[in-house]
Amino acid sequence: MKFNSISSFIAAIGLLLGVQTYAANTLELHGALSVKGNQIVDASGKPTSFAGPSLFWSNTGWGADRYYNAEVVESVVKNWNATIIRAAIGADKNGGYLADPEGNFKKVTTVVDAAIAQGIYVIVDWHSHDAEKHPEAALEFFTRVATKYGDKPNVIYEIYNEPLNNTDWATQIKPYAEKLVAKIRSIDPDNLIIVGTQTWSQDVDKAAEDPIKNVSNLAYTLHFYAGTHKQDLRDKAKKALDKGIALMVTEWGTVNANGDGAVDKEETQRWLDFMREHNLSHCNWALNDKKEGASHLINGTKPDGNWTDKDFTESGLYVKNVIQNWNQAKLQ
Ligand code: MG
C-alpha cells in the first residue's frame with residue numbers, strides 16, 4: 001500500500017487502530033495528475049478515473065449560475081461522493097465572459113475555491129462553440145485562471161468545450177489550441193490541459209492522427225450523449241486511445257444530444273463500462289433545473305445543495321447513483 005500524503009497515511013493508521021481520524025480527501029489521496037501515454041495518472045503513477053457533475057452554462061442572466069456556489073459544491077462531494085466538478089464558463093453568448101468578464105470570473109473563483117476547500121478536482125471549461133473566432137478572449141481568460149490557480153493541483157484547464165462539425169482540426173482547432181497551450185504553459189508548467197475536438201468533441205480520432213507535440217500533461221475531449229451516440233463513437237474513441245492520446249469525458253448525457261429526451265439506461269451502461277475499462281474521468285451534464293431531460297434537478301429547486309430525492313429528475317437520480325458508486329468502487 002502506498003500513501004500519497006501524510007494525511008492519507010494518518011487516516012490509514014487510524015483505520016488500523018479502529019480510531020475515527022481525519023479522512024483524506026480526493027486530492028490528498030491522489031495529488032497532482034499527469035498524462036502518461038494514453039492514461040491520466042495520479043501522483044503515485046496509478047491510472048485515475050474521477051466522476052462528478054458538470055454545472056450548466058454560467059452566463060449571467062440565464063439562471064443556471066445560481067448553482068455556482070460553495071454549498072452546491074460541498075453537497076455533491078458529501079452527498080454524491082463526487083471527486084470532480086466542471087464549471088462551464090459561458091464565453092461568447094449573451095451574458096458570457098466576453099459580455100460580463102467580472103461576473104463570470106467570479107463564478108470561476110467561487111467554484112474553484114469551493115473545490116479546493118473540498119479537496120476535489122475542478123475543470124475550468126471555456127464553454128464555447130466558436131472559440132477560434134476570438135482567441136484573444138480565451139488567452140486573457142486562461143492567463144487569469146493560470147496566474148491565480150496554476151499552483152493548485154485541483155485545477156484542470158478545458159480550453160474549448162465543443163468545436164462545431166464545420167470547423168477543421170488541422171487548420172482551425174489545433175492552431176487555436178497550440179496558442180492557448182503555449183500561454184498556459186508559460187505560466188503553469190504542469191496542470192492538465194484538455195483540448196476540445198472537432199464535431200462537438202467527438203472527432204478524437206482526428207486529434208490522435210495529428211496530435212499537439214512536445215507539451216506535457218495534455219489530454220483531449222470526448223463528449224457523448226447516450227441517446228444519440230453509440231458504438232461507432234466508442235470505436236472512434238478506442239482508435240484514438242490506441243493511437244496513444246489520453247481522453248477525458250468532460251461532458252456526457254444520459255439523454256439525446258440536444259439535452260432532452262428520456263434516459264437511455266442501456267446505452268448509458270455501455271458507456272459507463274467503456275469509461276471504466278479505459279479509466280476515463282467524466283462529468284455529467286448538467287447540474288441545473290432547466291426543464292429538459294439532461295437536468296439533474298426539478299425546475300425551481302433551490303441552489304442550497306440541501307436536496308432530497310424528490311428534488312431530482314429521472315436523469316439526476318440515475319446520475320447521482322452512478323457517481324456515488326463510481327467513486328466508492330474506486331476507493332475500495
Ligand atoms: Mg501547476
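Residues numbered from 1 in each chain as written. Predicted model: local features only at pLDDT ≥ 70, side-chain atom pairs only at ≥ 80, totals over all residues. Heavy atoms only, no water.

Chemist: Any details on the domain arrangement of the protein chain? Residues and values, ideally.
Modeler: When the domains of the protein chain are assigned, the result is domain 1 (1-30) and domain 2 (33-324). Its C-alpha centre places domain 1 at a distance of 29 Å from the equivalent point of domain 2. On the domain 2 side, the residues contacting the six residues of domain 1 number 12 residues. Between domain 1 and domain 2 lies a buried interface of about 780 Å² when both sides are counted; carbon and sulfur atoms form 55% of it. Taken together, the connections running from domain 1 to domain 2 amount to zero salt bridges. At the boundary of domain 1 and domain 2, one finds four residue pairs in polar contact (both at pLDDT 80 or more). (Domains from an automatic or database assignment. Contact = heavy atoms within 4.5 Å. Buried area = accessible area lost by both parts, 1.4 Å probe. Salt bridge = Lys/Arg side-chain N within 4 Å of Asp/Glu carboxyl O. Polar contact = N/O pair within 3.5 Å; in protein donor to acceptor, adjacent residues only side chain to side chain.)

Chemist: Provide a residue-level description of helix α5 (residues 135-149), including the pertinent values.
Modeler: Relative to the 21 Å expected for 15 residues at 1.5 Å per residue, α5 spans 21 Å between its end C-alpha atoms, a close match to the ideal helical length. All of the buried residues along α5 are P135, A137, A138, F141, F142, V145, A146 and Y149. Buried residues in α5, looked at end-on, bunch into an arc of 155°, giving them a common side. Along α5, exposed side chains directed more than 90 degrees from the buried face belong to E136 and T147. Of the surrounding elements, those touching the buried residues of α5 are β4 (84-90), α4 (101-118), β5 (121-127), β6 (155-158) and α6 (169-187). (Helix = DSSP H or I, 4+ residues; strand = E, 2+ residues; numbered from the N terminus. Expected span 1.5 Å × (residues − 1). Buried < 20%, exposed > 50% of the residue type's maximum accessible area, 1.4 Å probe, protein only. Arc of directions from axis to C-beta.)

Chemist: With reference to specific residues and values, describe the side chain of D203.
Modeler: By the element assignment, D203 lies in the loop between α7 (198-201) and α8 (204-209). On the accessibility criterion, D203 (6% relative accessible area) is buried. Looking at D203, its side chain comes within polar contact range of the side chain of T199, at 2.6 Å. A polar side-chain atom of D203 sits 2.7 Å from a polar atom in the side chain of K236. If we skip the residues at most four places from it in the chain, D203 touches T197, Q198 and K236.

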